[in-house]
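# Survey of secondary and tertiary structure
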Amino acid sequence: MVIDLRSLKVEAIEWLKSRWRSSGIESGDILLLHSNILRTLRILKQKGFQPSVKILLESFINSVGKDGTLLFPLFNFDFVKGIAFDMKSTKSHMGALSEAARNYPKAVRTGHPVYSFCAIGRLSHKFSGVDNVSGYGIDSPFGILRKLDGKVAVLDVEENLSMTFHHHVEEMMSVPYRYMKNFTGNYINLKGLKEEKTYSIYVRNLEKNVQTELDPIGKKLWEASIYKGDYPNEETGLRIARVNEIFDYVSNIISCGDALGNLYKIED
């Protein structure tokens, strides 16, 4: 019996697309996606499909459609360790799906050497040339996503290991348990030119033993029905929310003085 691999690929993409749509992805979405794809790859294999990162990427691209835009985190922390950042070749440390997105034709990469992103789709030009100095700032991809009324989706990753968007809210609210720290290093731009550049990150105050603890706020976002879809490692494993709804809810938590115990903890 001859197996039609092309047909199986199309079937796998459509099957995955139906899963993502059932969790709340819509055609035309502007969507930031954090992911752990291991469980989904196992499920694909169990269903008789070829487990493939490319198929997963295509399924998300198909889910937002021709009018949609996908944003992937390409976070890489080597710059703060003194290793040069290269816009063309520095890899994502955020998993195989984000690395596949970085190498996708016409993907647009943003310029922060630690909190870099790539965009694919109709509004990818909105992220072209973005070189925000502060990783979580108003002019960062987080801020742009808010202006575009976008969404964030997380596949099979707990809140504490995925939702960097909360740090954008913390910076916008000038929380006292974090502060701006500068990092200087070698930077290679898209033209291959190297220069020394300085960028900043709104880091936690280690002298006060501040530790990031986001799982409590994640629970509250579920209770407030801001998150839609499924919990990590259950059903599709994909949860989705509008970033402006998250921003409004989390900023209110901070304004009310309830960040401790919801967004961070003090380690003894």
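Here's what I pulled together on the structure shown here.

What counts as what
- Residues numbered from 1 in each chain as written.
- Predicted model: local features only at pLDDT ≥ 70, side-chain atom pairs only at ≥ 80, totals over all residues.
- Heavy atoms only, no water.
- Helix = DSSP H or I, 4+ residues; strand = E, 2+ residues; numbered from the N terminus.
- Buried < 20%, exposed > 50% of the residue type's maximum accessible area, 1.4 Å probe, protein only.
- Contact = heavy atoms within 4.5 Å.
- Areas by Shrake-Rupley, 256 points an atom, 1.4 Å probe, with all protein chains shown as cover.
- Lys, Arg positive; Asp, Glu negative; His and termini not counted.
- Charge placed at Lys NZ, Arg CZ, Asp CG, Glu CD.
- 1 Å grid on protein atoms, 1.4 Å probe; cavity = no way out; pocket = protein on both sides within 12 Å on 5 of 7 lines; lining within 4 Å.
- Points joined across faces, edges and corners; volume = space filled by probe spheres on them.
- Pairing = 2+ DSSP bridges.
- Axes fitted to C-alpha atoms, helices over the stretch in contact; angles between N-to-C directions.
- Core = buried A, V, L, I, M, F, W, Y, C linked by side-chain atoms within 4.5 Å.
- Phe/Tyr/Trp six-rings, centres within 6.5 Å; stacked < 30°, edge-to-face > 60°.
- Lys NZ or Arg CZ within 6 Å of the ring centre and 35° of its normal.

A few words now on the overall build of the chain. Along its length, the chain carries eight helices and twelve strands. Across its three principal axes, the chain shows a C-alpha extent of roughly 65 × 50 × 35 Å. Relative to its full complement of 268 residues, the chain shows a buried share of 53%. For the chain, long-range pairs separated by at least 24 residues make up 68% of all intrachain contacts whose partners lie at least 6 apart in sequence. As displayed, the chain offers around 12900 Å² of accessible surface, 49% of which is attributable to carbon and sulfur atoms. Side chains of the chain give 35 positive and 32 negative charges; the mean places of these two sets differ by 6 Å.

The next thing to look at is the layout of surface pockets. Computed from the structure, the largest pocket encloses a volume of approximately 810 Å³. As for the largest pocket, its lining consists of 36 residues, and the residues nearest its centre are F77, Y115, Y136, T164 and H167. Listing elements by their share of the lining of the largest pocket, those giving two or more residues are β1 (30-35), α4 (96-102), β7 (178-188), β8 (194-204) and β9 (210-212). Empty space within the second largest pocket amounts to approximately 320 Å³. In terms of lining, the second largest pocket is formed by 20 residues, of which the most central are M87, R109, T110, G111 and L190.

On the basis of which strands lie adjacent, the open sheet formed by seven strands has the order β4-β5-β2-β1-β6-β11-β10 and mixed pairing. Every interior strand has two partners, whereas the edge strands, β4 (108-109) and β10 (228-229), have only one. Pairing geometry for strand β2 (residues 69-73) and strand β5 (residues 117-121), over five bridges, is antiparallel. Paired with L70 across the two strands is I120, which belongs to β5. Sheet strands in contact with helix α8 (residues 243-255) are β6 (151-155) and β11 (238-242), and its direction is about 75 degrees off that of β11.

Our next topic: the sheet that holds strand β3 (residues 85-86). Within a sheet, adjacent strands bond to each other through the backbone by hydrogen bonds, running parallel or antiparallel. One open sheet accounts for three strands, arranged β3-β7-β8; its pairing is mixed. Among the strands making up the open sheet, the edge pair consists of β3 and β8. Pairing between β3 and β7: two bridges, direction parallel. Bridging from a neighbouring strand, D86 pairs with I188 of β7.

Two faces belong to every sheet, and in a regular strand the side chains alternate between them. Across the five residues that make up β2, a large majority, five, are buried. Of the two faces of β2, the one carrying T69, L71 and P73 and the one carrying L70 and F72 are both buried. Across three bridges, β1 lies against β2 in parallel orientation. Bridging from a neighbouring strand, L32 pairs with L71 of β2.

On to the side chain of H166, then. With respect to the helices and strands, H166 occurs in helix α6 (residues 165-172). The class of H166 is buried, set by a relative accessible area of 0%. Ignoring sequence-local partners within four residues, the contact set of H166 consists of E159, L214, I217, L221, I246, V250 and L263.

Glancing now at the nonpolar core. Considering soluble globular proteins, one finds that nonpolar side chains tend to be buried as a cluster. Counting 50 residues, the largest nonpolar core has F165, I246 and L263 as its most contacted members. Those residues within four positions of L263 in sequence are excluded, and the remaining contacts are H166, E170, Y177, T212, E213, L214, I217, V250 and I254. Core analysis: the next-biggest nonpolar cluster, separate from the first, contains 28 residues, I13, I25, I61 and L155 among them.

A complete count under the given rule lists 15 aromatic pairs for this structure. Arranged with centres 5.9 Å apart and planes meeting at 85 degrees, the rings of F77 and Y115 form a pair that is edge-to-face. With F77 in the loop between β2 and β3 and Y115 in the loop between β4 and β5, the pair connects residues that are 38 residues apart, well separated along the chain. Its relative accessible area of 33% is what places F77 among the partly exposed residues. Judged by centre distance (5.3 Å) and plane angle (45 degrees), the rings of F85 and Y187 are tilted. Of this pair, F85 sits in strand β3 while Y187 is found in strand β7, placing the two residues 102 residues apart along the sequence. Of the residues examined, F85 reaches a relative accessible area of 1% and is grouped as buried. When its relative accessible area of 4% is taken as the criterion, Y187 is described as buried. Counting every residue linked through ring pairs, the aromatic cluster contains F75, F77, Y115, F117, Y136, F142 and F165. Its end group placed over the ring of Y187, K197 keeps NZ or CZ at 4.3 Å from the ring centre.

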